[in-house]
Amino acid sequence: MAGAYDDRDGKIWMDGKLVEWRDAKVHVLTHALHYASSVFEGERCYNGKIFKSSEHSARLLRSGELLDMPIPYTVEQIDAAKEAVLKANGWDNAYIRALAWRGAGEDMGVASKRNPVRLAVAAWEWGNYYGDAKMKGAKLDIAKWRRPDPATIPSEAKAAGLYMICTMSKHAAEAKGCSDAMMLDYRGYVAEATGANIFFVKDGEVHTPLADCFLNGLTRQTVIQMLRDMQIKVHERHIMPDELESFEQCWLTGTAAEVTPVGSIGDNTFEVGDLAKRVVAEYERLVRA
């Protein structure tokens, strides 16, 4: 697949049925377009099996609840919609995007209780999110925008509005020749990249920011359990930026990113070392098992 995302062949599931790709449209007065009343999930299918499909569907429903936007489908129905999209498009390996939003209706102010909550599932074939970074390590900028206080936003939700500063940060990073940006949180601690969680290695042990104001990714949780199964100590804690120079290895985790080693963050460099390579390989083995 190539070209603009609105001009492709294929099928997309919308509101209970499969429609032609180019017919999957919404009105310009859709509430989500104006007020970010939207939540989503990113998932990958490997060899015909969606990795942690039901966990993603459950998180989508939880995100909707946190935005006071109840999604009128069950986990089982959302799982079935994803399978239908893959089958209709003939894909065994693909990225899947489930999206729920407040549609157009009787309300067009901030409040939108009378507007329907809609759901769509699309998929496409997508390679490595960071290109060849799995071999040489991604280059990260340090973002000027910070993850906000969870008292100001529902940080446990995978909500579209929370990605605005991520888009801005990634654009700024790309303008500097970087793949992505590392973000700090509202207190100045290391938080995450724009769409992936972050891990560091020091003296054979792993350190990762405590997910108390940003999304505790499903891939993050998977990798932490994987490391513990490997008898590697994992510290979930607050990490200050001045600690970066003391770490030896670094990697990112996320559905799109999978496990991607990091070669540098700002002026700090890291080796794509044995543990990073091992986690990459073990994760690849797990998702394709």
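Right above here is the structure, for reference.
The structure presented is a predicted model; accordingly, all values stated were derived computationally and were not measured.

S.K.: Got a minute to help me understand the packing of helix 2 (residues 53-66) against helix 3 (residues 75-89) in this structure?
M.R.: Helix-helix packing is described using two parameters, namely the angle between the two axes and the distance between the axes. In contact at an axis separation of 9 Å, helix 2 and helix 3 are set at 120° when each is read in the N-to-C sense. With respect to helix 3, the element helix 2 is oriented oblique. Read as a crossing pair, helix 2 and helix 3 show a hand that is right-handed. For the pair helix 2 and helix 3, the contacting residues are S53, S54, H56, S57, A58, L60 and L61 in the first and V75, I78, D79 and K82 in the second. In the contact of helix 2 with helix 3, the residues fall into five nonpolar, four polar and two charged.

S.K.: I keep staring at the pattern of salt bridges and nothing clicks. Help me out?
M.R.: Side-chain pairs of opposite charge can arise whenever the charged atoms involved come near each other. Per the counting criterion, the structure on display carries 21 salt bridges. A salt bridge links K176 to D141, with the shortest nitrogen-to-oxygen separation between them at 3.2 Å. Remark: D141 occurs in strand 7 (residues 138-142) and K176 occurs in the loop between helix 5 (164-175) and strand 8 (180-184); sequence separation between them is 35 residues. For D141, a relative accessible area of 12% puts it in the buried group. If you follow the salt bridges from partner to partner, you end up with D7, D9 and R22 in one network.

S.K.: Would you mind showing me how to read a nonpolar patch on the surface here?
M.R.: A cluster of nonpolar side chains, contributed by V28, L29, L33, Y35, M108 and V110, occupies part of the molecular surface with about 590 Å² of accessible area. Positionally, Y35 belongs in helix 1 (residues 31-35). Its relative accessible area of 37% is what places Y35 among the partly exposed residues.

S.K.: What is the right way to look at the environment of R44 in this model?
M.R.: Relative to the helices and strands, R44 is located in strand 3 (residues 38-46). A residue is classified by how much of its surface remains accessible, and R44, at 6% relative accessible area, is buried. Polar contacts involving the side chain of R44 include one to the main-chain carbonyl oxygen of W126, which spans 3.0 Å. At a separation of 2.9 Å, a polar atom in the side chain of R44 contacts the main-chain carbonyl oxygen of A256.

S.K.: I would appreciate a short explanation of the sheet that holds strand 3 in the present structure.
M.R.: Each strand in a sheet pairs with its neighbour through backbone hydrogen bonds, running either in the same direction (parallel) or in the opposite one (antiparallel). In spatial order, the strands read 2-1-6-5-3-4; together these six strands make up an open sheet with antiparallel pairing. The open sheet terminates on both sides in strands that have one partner only, identified here as strand 2 (17-20) and strand 4 (49-50). In terms of strand pairing, strand 5 (residues 94-102) meets strand 6 (residues 117-124) through eight bridges, oriented antiparallel. In the strand pairing of strand 6, Y95 is matched with W124. Docked against the sheet, helix 3 engages strand 1 (11-14), strand 2, strand 3, strand 4, strand 5 and strand 6, running at close to 40° with respect to strand 6.

S.K.: Would you explain the packing of aromatic side chains in this entry?
M.R.: Two descriptors summarise a pair of aromatic rings, namely the distance from one centre to the other and the angle between the planes of the rings. Scanning the model with the defined rule gives 12 aromatic pairs in all. One aromatic cluster is present, built from ring pairs that chain together Y5, Y95, W124, W126, Y129 and Y130. One residue, R8, lies across the ring of Y5, its end atom 3.9 Å from the ring centre.

S.K.: Explain a negative patch on the surface to me, please; I cannot follow it from the model alone.
M.R.: Together, D203, E248, E271 and D274 line one region of the surface with negative charge. By the secondary structure assignment, E271 is in the loop between strand 15 (268-269) and helix 7 (274-287). Assessed through its relative accessible area of 47%, E271 is described here as partly exposed.

S.K.: Is there a simple way to explain helix 7 in this structure?
M.R.: Every α-helix winds through 3.6 residues per turn, so residues three or four apart in the chain are directed the same way. Taking 1.5 Å of rise per residue, 14 residues should cover 20 Å, and helix 7 covers 20 Å from first to last C-alpha, within 8% of that figure. When helix 7 is considered as a whole, its buried residues turn out to be L275, A276, V279, V280, Y283 and V287. One face of helix 7 carries all of its buried residues, which in axial projection span an arc of 140°. Taken together, the buried residues of helix 7 touch strand 3, strand 10 (197-202), strand 11 (205-209), helix 6 (218-229), strand 13 (249-254) and strand 14 (258-265).

S.K.: I would appreciate a short explanation of the pairing of strand 11 in the present structure.
M.R.: Every regular strand shows the same layout, with side chains that alternate between the two sheet faces. Across the five residues of strand 11, four count as buried, placing the element largely inside the fold. Across three bridges, the pairing between strand 10 and strand 11 is antiparallel. Among the inter-strand pairings, V201 is bridged to a residue of strand 11, identified as V206. From the end of strand 10 to the start of strand 11, which pair antiparallel, there are two residues, and D203 there has a positive phi angle of about 55°. Once the chain exits strand 11 it traverses helix 6 before rejoining the sheet at strand 12 (residues 234-237), and the crossover so formed is right-handed.

What counts as what
Residues numbered from 1 in each chain as written. Predicted model: local features only at pLDDT ≥ 70, side-chain atom pairs only at ≥ 80, totals over all residues. Heavy atoms only, no water. Axes fitted to C-alpha atoms, helices over the stretch in contact; angles between N-to-C directions. Helix = DSSP H or I, 4+ residues; strand = E, 2+ residues; numbered from the N terminus. Parallel < 35°, antiparallel > 145°, perpendicular 65-115°, else oblique. Left-handed = near helix turned anticlockwise from the far one by under 90°. Contact = heavy atoms within 4.5 Å. Nonpolar A, V, L, I, M, F, W, Y, C, P; charged D, E, K, R; others polar. Salt bridge = Lys/Arg side-chain N within 4 Å of Asp/Glu carboxyl O. Buried < 20%, exposed > 50% of the residue type's maximum accessible area, 1.4 Å probe, protein only. Patch = residues over 30% accessible without salt bridge, like charges linked within 9 Å, V, L, I, M, F, W, Y side chains within 5 Å. Areas by Shrake-Rupley, 256 points an atom, 1.4 Å probe, with all protein chains shown as cover. Polar contact = N/O pair within 3.5 Å; in protein donor to acceptor, adjacent residues only side chain to side chain. Pairing = 2+ DSSP bridges. Phe/Tyr/Trp six-rings, centres within 6.5 Å; stacked < 30°, edge-to-face > 60°. Lys NZ or Arg CZ within 6 Å of the ring centre and 35° of its normal. Lys, Arg positive; Asp, Glu negative; His and termini not counted. Charge placed at Lys NZ, Arg CZ, Asp CG, Glu CD. Expected span 1.5 Å × (residues − 1). Arc of directions from axis to C-beta. Right-handed = clockwise from strand over helix to strand, strands pointing away.

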